[in-house]
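As a plain string of letters, each chain reads:
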Amino acid sequence: LDLGKMFFLAGDWKSAETSVRDALELDPKTPGANYFLGLATLGQGRVAEAKLILRSVDRKDPHRKDAETVLAKLPTP
């Protein structure tokens, strides 16, 4: 996940997505992983997919409120 965050900060959305997906394969409950996966997907312009991922962030995840904030700023169809 940390590698994915580094790619995210560098604006390398595809590598960020790949790294975060790898982290989720190792542990599907990795805190923050779905949030950063959603952001990396959004960075690639895949808005509908990003919305689904951000909505899936667990209520107990420390980034749940962050995901809700991002979702509130996205356009609705």
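See the structure shown above.
An account of the accompanying structure is given in this report. (Residues numbered from 1 in each chain as written. Predicted model: local features only at pLDDT ≥ 70, side-chain atom pairs only at ≥ 80, totals over all residues. Heavy atoms only, no water.)

Here's the deal with the packing of aromatic side chains
Within a pair of aromatic rings, the relevant descriptors are the distance that separates the centres and the angle that separates the planes. What the rule picks out here adds up to three aromatic pairs. Between Phe8 and Trp13, the aromatic rings sit 5.3 Å apart at their centres with planes inclined by 65°, giving edge-to-face as the arrangement. Relative to Phe36, the ring of Tyr35 has its centre 5.1 Å away and its plane inclined at 70°; by these criteria the two rings are edge-to-face. Just as Tyr35 is buried, Phe36 falls in that class too. Three or more aromatic residues joined by ring pairs make a cluster, and in this case those are Phe8, Trp13, Tyr35 and Phe36. (Phe/Tyr/Trp six-rings, centres within 6.5 Å; stacked < 30°, edge-to-face > 60°. Buried < 20%, exposed > 50% of the residue type's maximum accessible area, 1.4 Å probe, protein only.)

Description of the side chain of Thr41
Position of Thr41 among the secondary structure elements: in helix α3 (residues 33–43). Looking at Thr41, the relative accessible area reads 0%, which means it is buried. Residue contacts for Thr41: discarding those within four places in its chain leaves Arg46, Glu49, Ala50 and Ile53. (Helix = DSSP H or I, 4+ residues; strand = E, 2+ residues; numbered from the N terminus. Contact = heavy atoms within 4.5 Å.)

Brief notes about the packing of α3 against helix α4 (residues 47–55)
Where α3 meets α4, the axes come as close as 8 Å, and the angle between the chain directions of the two elements is 170°. Classified by the angle between their axes, α3 and α4 sit roughly antiparallel to one another. For the pair α3 and α4, contact is made by Asn34, Tyr35, Leu37, Gly38, Leu39, Thr41 and Leu42 and by Val47, Glu49, Ala50, Ile53 and Leu54, respectively. (Axes fitted to C-alpha atoms, helices over the stretch in contact; angles between N-to-C directions. Parallel < 35°, antiparallel > 145°, perpendicular 65-115°, else oblique.)

Some thoughts on the packing of α4 against helix α5 (residues 64–73)
Where α4 meets α5, the axes come as close as 9 Å, and the angle between the chain directions of the two elements is 150°. Relative to α5, the element α4 lies roughly antiparallel. Seen from above, α4 lies across α5 with left-handed handedness. In this structure, α4 uses Lys51, Leu54 and Arg55 to contact α5, whose residues at the interface are Arg64, Ala67, Val70 and Leu71. Here the contact of α4 with α5 is composed, by residue class, of four nonpolar, no polar and three charged. (Left-handed = near helix turned anticlockwise from the far one by under 90°. Nonpolar A, V, L, I, M, F, W, Y, C, P; charged D, E, K, R; others polar.)

Comments concerning the nonpolar core
Within the largest apolar cluster, 13 residues are counted, with the highest numbers of intra-cluster contacts made by Val20, Tyr35, Leu54 and Val70. For this core, the secondary structure elements donating two or more residues are α2 (13–26), α3, α4 and α5. At five residues, the largest contribution of residues to this core is made by α3. In contact with Leu54, other than residues within four places in its own chain, are Tyr35, Gly38, Leu39, Ala67, Val70, Leu71 and Leu74. (Core = buried A, V, L, I, M, F, W, Y, C linked by side-chain atoms within 4.5 Å.)

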